[in-house]
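Coordinate analysis (summary)
Residue strings, one per chain:
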Amino acid sequence: MVPLPDLGAESLRLGRFRRHRSGVWSARFVLEPGPDGEAALDHVEDLAVCMGKAGGLDDEQAHFVGVALREAVVNALRHGRSPDGAPARIGLHLTPECLVITVRDRGPGFDPQRVPDPCAVENLARGCGRGIFFMRRFTDRVSFVFPRNGGSVVRLAKRMRG
């Protein structure tokens with residue numbers, strides 16, 4: 001079982017959070033587009049950092065997992081908006097081996113291969129591609145799934161060091 005320290009009441013209020021019989025922790029959140037969703041993101045990021053530390057990451061590694069989550073959620077809220085204003089859905093799943101973060105939106109989808117490289121000289125002054133760059137830099141695995149009914153699912157995985 002992975003031990004998890006006490007969490008703030010606000011983080012628990014925002015989502016469904018539970019420990020499974022196997023000792024695995026999971027949390028699910030729904031963030032609406034707009035200022036309320038972006039404000040709630042701070043608590044979700046704090047929870048991801050807390051879960052990373054509980055799994056054995058040091059402070060810096062856990063912080064950067066939080067940054068990767070934030071980038072995925074901000075991309076979903078800003079670029080993955082659906083015409084009907086569907087929320088972004090976030091899942092956190094901590095096992096003794098890995099922290100897995102999923103972020104789903106209902107937007108039009110995108111081609112990850114067409115996202116500009118933010119390190120290329122011609123893109124240094126542009127603000128595009130940095131989120132995916134940070135996700136790839138701060139986690140061990142990033143994958144994208146595009147369901148038939150639309151939207152995007154970003155999956156971030158970070159191996160635990162505990």
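So, how was this worked out
- Numbering of residues starts from 1 in each chain and follows the order in which that chain's sequence is written.
- Restriction of local features to residues with pLDDT of at least 70 applies here, the model being predicted, together with a cutoff of 80 or more for giving and counting side-chain atom pairs; totals for whole chains, interfaces and linings are based on all residues.
- Just so you know, side-chain values use all the structure's heavy atoms and leave hydrogens and water out.
- What makes a nonpolar core is a set of buried Ala, Val, Leu, Ile, Met, Phe, Trp, Tyr and Cys residues whose side-chain atoms join them at distances within 4.5 Å.
- Whether a residue is buried, partly exposed or exposed follows from its accessible area with a 1.4 Å probe, protein chains only, as a fraction of its type maximum: under 20%, in between, or over 50%, in that order.
- Each helix is a run of H or I in the DSSP string that is no shorter than four residues. Each strand is a run of E no shorter than two, and both are numbered from the N terminus.
- We call two residues contacting when some pair of their heavy atoms lies within 4.5 Å.
- The rule is short: rings of Phe, Tyr and Trp, with Trp giving its six-membered ring, pair when the centres are within 6.5 Å, and they are stacked under 30 degrees, edge-to-face over 60, tilted in between.
- To obtain an axis, a line is fitted to C-alpha atoms, over the contacting stretch when the element is a helix, and the angle between two such axes runs from 0 to 180 degrees between their N-to-C directions.
- An angle below 35 degrees is read as roughly parallel, one above 145 as roughly antiparallel, one from 65 to 115 as roughly perpendicular, and any other as oblique.
- Crossing handedness is defined as follows: a turn of the near helix away from the far one that is anticlockwise and smaller than a right angle gives a left-handed crossing, while the clockwise case is right-handed.
- Classification used: nonpolar for Ala, Val, Leu, Ile, Met, Phe, Trp, Tyr, Cys and Pro, charged for Asp, Glu, Lys and Arg, polar for all others including Gly.
- Salt bridges, as used here, are contacts in which a Lys or Arg side-chain nitrogen is within 4 Å of a carboxyl oxygen on Asp or Glu.

**Concerning the nonpolar core**
Leu69, Val73, Ile90, Leu92, Ile101, Met135 and Leu156 are the most contacted members of the largest nonpolar core, which totals 38 residues. Those elements giving two or more residues to this core turn out to be β2 (25-31), α2 (35-54), α3 (59-79), β3 (88-94), β4 (98-105), α4 (130-138), β5 (141-145) and β6 (152-159). The element best represented in this core is α3, accounting for 10 residues. Ignoring anything within four residues of it in the chain, the contact list for Leu92 reads Trp25, Ser26, Ala27, Phe29, Val44, Leu47, Ala48, Met51, Leu69, Val100 and Ile101.

**A word on the packing of aromatic side chains**
In this structure the tally under the stated criterion is five aromatic pairs. Pairing Phe110 with Phe146 gives two aromatic rings, centres 5.5 Å apart and planes at 85 degrees, and the pair type is edge-to-face. Taken together, the residues span a long stretch of sequence, with Phe110 in the loop between β4 and α4 and Phe146 in the loop between β5 and β6 at a distance of 36 residues. Residue Phe110 is classed as partly exposed on the basis of its relative accessible area of 32%.

**A word on the environment of Asn123**
As for its placement among the helices and strands, Asn123 is situated in the loop between β4 and α4. On the basis of relative accessible area, Asn123 is assigned to the buried category, the value being 7%. The contact partners of Asn123, leaving out residues within four places of it in the chain, are Pro116, Asp117, Pro118 and Arg130.

**Considerations on the packing of α2 against α3**
In contact at an axis separation of 8 Å, α2 and α3 are set at 150 degrees when each is read in the N-to-C sense. The angle between the axes of α2 and α3 places the two elements in the roughly antiparallel class. In this structure, α2 meets α3 at a crossing whose hand is right-handed. Here Gly37, Glu38, Leu41, Asp42, Val44, Glu45, Ala48, Val49, Gly52 and Lys53 of α2 come into contact with α3, specifically with Asp59, Ala62, His63, Gly66, Val67, Leu69, Arg70, Val73, Val74, Leu77 and Arg78. The class makeup of the residues in the contact of α2 with α3 is 10 nonpolar, four polar and seven charged.

**Focus on the pattern of salt bridges**
Taken as a whole, this structure holds five salt bridges when the rule is applied. Two residues, Glu45 and Arg70, come together in a salt bridge whose shortest N-O distance is 2.5 Å. On the criterion of sequence distance, the pair formed by Glu45 in helix α2 and Arg70 in helix α3 is long-range, its members being 25 residues apart. Of the charged contacts, one joins Lys158 and Asp140 as a salt bridge, the two residues approaching to 3.9 Å between their closest N and O atoms. Placement of the pair is Lys158 in strand β6 and Asp140 in the loop between α4 and β5, with a sequence separation of 18 residues. Taking relative accessible area as the criterion, Lys158 reaches 9% and is therefore assigned buried. Under the relative-accessibility criterion, Asp140 is labelled partly exposed at 31%. Among the charged side chains, a network of salt bridges with common partners joins Asp42, Glu45 and Arg70.

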